[in-house]
Amino acid sequence: MGSYRKHALLMNNFFSLYENIEPYSSGYLEIANHKIYYEECGNPHGKPAVFLHGGPGGGGSTKVRGFFDPELFRVVIFDQRGCGRSEPHGSLENNTTWDLVKDIEELKNKLNIEKWLVFGGSWGSTLSLAYAQTYPDSVSELVLRGIFMLRKKELDWFYQDGASRIFPEAWEEFLKPIDEENRGNLMDSYYKIFISDNEKKKMEAAIAWSKWEGSVSTLSYKPEMITSYSESKFALAFALIENHYFVNKGFLEDENQLISSNSIDKIRHIPAKIVQGRYDIVCPMETAWELSKNWPEAELIIAPSSGHSAFEKEITHELINALQEFTKNE
C-alpha cells in the first residue's frame, strides 16, 4: 500500500488523520504591527506545504496537522493576522485579504521555500486562490475544500436568508443579539455592535455569530464543535474578523475577481483538486461547481454524504487522498 500503510484504516476503508504530529520548529513572522505565529511539522526535507485556515479568524488548530503524512511533507501552519496564537489578538488594523496574501509569500521566503503546495478550505480556499493568482510561481499544487468566494449571494445565503431555513433553531439564537427592527441587514447590524464600546454586548454578539457557524458546519449534530466555537477568546476574534472581511466584501475589486476566467487563466497550469461536500450548508456546492466550470483543468471531487467540515470522514478521506496523489511523483 506504499505510504498509505501508515493510515489507520476505518472499517469502511476511509483514511483517518495521522496521529501524534508535533512541530519541530515554531516562531513569529513580524510584519506591520502584527506578530504572526507559524509552526513546521513533519519532515524538514519533505515536500513543502502550507495550510491556510478558515474564517477568516479561525486560527490553525493542532488537529489539522493530521492531514499530512509526516514522512512525506514539510508542513507549515500559521495563524492569520489577529487570530489564534498571533498577536495582537482580534486586531483589524492592516488586516485585509491582500495583507494576508503578502504574509504567505513573506513566510515562504523566510523559510527558504521556493514553491509549496497550498491547502485551504472555506475562507482558506478563497485565500488560496487569491495567493495563487498573485504568486502563481510560488505554488506547486492546490488542494481546496468548501469553496467560498465572498459573493453577495453566498453571504446572503448564510447571514440573511437561506441556511436559516434549514437550521431554524440555531438561527433563532443567531438573531437574539439583534433587535427586530434591525434585522433587514444582519451583517451590518452585527458590525455596528462590534465597533461599539459596549463590551458586554460585543461579547454576546461574538459568541452568537461564532456559534451559528459551529452549529451548521457538520451534516450531523456535533455538540463539541458548537462548544469550541462558543469559547469566548476564539469567538471574539472569529466574529470580529469575519464580519470585518464580509462587510468589506473581502477587499476584492469585484465579487467575481477570484472566479473569473481571466483570473483562473493565471493558475490553469497548477495541478489542483477541489473537495466539496454535497450538503455543505456554510458554502453550498453551487460555488464549487461554478469554479469548476471556469476551471475544468482542476479536478472536482464531490463528497456525496458530507457537509462543510474538513473532519467529516468522507472529506477527510478525500483530502488525504488528494495530498497523497500529489506526492506520487516526488
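None of the values given here were measured: they were computed from a predicted structure.

Parameters at a glance
- Residues numbered from 1 in each chain as written.
- Predicted model: local features only at pLDDT ≥ 70, side-chain atom pairs only at ≥ 80, totals over all residues.
- Heavy atoms only, no water.
- Helix = DSSP H or I, 4+ residues; strand = E, 2+ residues; numbered from the N terminus.
- Polar contact = N/O pair within 3.5 Å; in protein donor to acceptor, adjacent residues only side chain to side chain.
- Contact = heavy atoms within 4.5 Å.
- Buried < 20%, exposed > 50% of the residue type's maximum accessible area, 1.4 Å probe, protein only.
- Axes fitted to C-alpha atoms, helices over the stretch in contact; angles between N-to-C directions.
- Parallel < 35°, antiparallel > 145°, perpendicular 65-115°, else oblique.
- Left-handed = near helix turned anticlockwise from the far one by under 90°.
- Nonpolar A, V, L, I, M, F, W, Y, C, P; charged D, E, K, R; others polar.
- Phe/Tyr/Trp six-rings, centres within 6.5 Å; stacked < 30°, edge-to-face > 60°.
- Lys NZ or Arg CZ within 6 Å of the ring centre and 35° of its normal.
- 1 Å grid on protein atoms, 1.4 Å probe; cavity = no way out; pocket = protein on both sides within 12 Å on 5 of 7 lines; lining within 4 Å.
- Points joined across faces, edges and corners; volume = space filled by probe spheres on them.

Caption draft 1: A look at the side chain of serine 86. Within the element layout of this structure, serine 86 appears in the loop between strand 4 (73–78) and helix 1 (97–110). Reaching out from serine 86, the side chain makes a polar contact with the backbone nitrogen of tyrosine 37 at a distance of 2.9 Å. Setting aside anything within four residues of it in sequence, one finds serine 86 in contact with Lys35, Ile36, Tyr37, Asp79 and Gln80.

Caption draft 2: A look at unusual backbone geometry. The step from glycine 55 to proline 56 runs through a cis peptide bond, and the omega angle for that step is 0°. Among the structural elements, proline 56 can be located in the loop between strand 3 (47–52) and strand 4. For the bond running from glutamate 87 to proline 88, omega is -5°, close enough to zero to count as cis. At leucine 150, a position not held by glycine, the phi torsion is positive, near 60°. With respect to the helices and strands, the residue leucine 150 is situated in the loop between strand 6 (139–145) and helix 3 (152–159). The exposure class of leucine 150 is buried, given its relative accessible area of 3%.

Caption draft 3: Geometry of the environment of isoleucine 315. With respect to the element layout, isoleucine 315 can be found in helix 11 (residues 313–325). We classify isoleucine 315 as buried; its relative accessible area is 0%. Residues contacting isoleucine 315, with those up to four places away along its chain left out, are Arg145, Val275, Gly277, Ala303, Ser306, Gly307, His308, Ser309 and Ala310.

Caption draft 4: Molecular detail of the side chain of histidine 308. Note on placement: histidine 308 falls in the loop between strand 8 (299–303) and helix 11. Apart from residues no more than four positions distant in its own chain, histidine 308 is found in contact with Ser122, Arg145, Gly146, Ser217, Asp280, Val282, Cys283 and Ile315.

Caption draft 5: Seen up close, the packing of helix 1 against helix 2 (residues 123–134). Helix 2 packs onto helix 1 with a crossing angle of 70° between their chain directions and a minimal axis gap of 9 Å. By the angle between their axes, helix 1 is roughly perpendicular relative to helix 2. When the axes of helix 1 and helix 2 are compared, the crossing they make is right-handed. Contacts between helix 1 and helix 2 involve Thr97, Trp98, Leu100, Val101, Ile104, Glu105 and Lys108 on the former and, on the latter, Trp123, Leu127, Ala130, Tyr131 and Thr134. Considering only residue class, the contact of helix 1 with helix 2 consists of eight nonpolar, two polar and two charged.

Caption draft 6: Representation of the packing of aromatic side chains within the structure. Within the structure shown, the criterion is met by 26 aromatic pairs. Ring geometry for tyrosine 131 versus tyrosine 135: centroids 5.6 Å apart, planes at 45°, classification tilted. Tyrosine 131 gets classed as buried once you look at its relative accessible area, which sits at 0%. Between phenylalanine 234 and phenylalanine 238, the aromatic rings sit 5.1 Å apart at their centres with planes inclined by 20°, giving stacked as the arrangement. On the criterion of helical spacing, the pair formed by phenylalanine 234 and phenylalanine 238 is a turn pair, its members being four residues apart in helix 8 (residues 232–247). Taken together, the aromatic side chains of Phe148, Phe158, Tyr159, Trp171, Phe174, Tyr190, Phe194, Trp209, Trp212 and Phe246 make up a single cluster linked through ring pairs. Lying across the ring of phenylalanine 311, lysine 63 places its NZ or CZ 4.3 Å from the centre. A cation sits over an aromatic face here: lysine 273 above phenylalanine 326, 5.4 Å from the ring centre.

Caption draft 7: Highlighting empty space enclosed by the protein. Evaluated as defined, the whole model comprises one cavity of 30 Å³ or more. The volume enclosed by the largest cavity comes to roughly 80 Å³. Forming the walls of the largest cavity are Gly55, Ser122, Phe148, Glu154, Leu155, Phe158, Tyr159, Glu213, Glu242, Phe246, Val282 and Cys283. For the lining of the largest cavity, the secondary-structure elements that each account for two or more residues are helix 3 and helix 8. Take the lining of the largest cavity: its biggest share by element is four residues, from helix 3. Per-class residue counts for the lining of the largest cavity are seven nonpolar, two polar and three charged.

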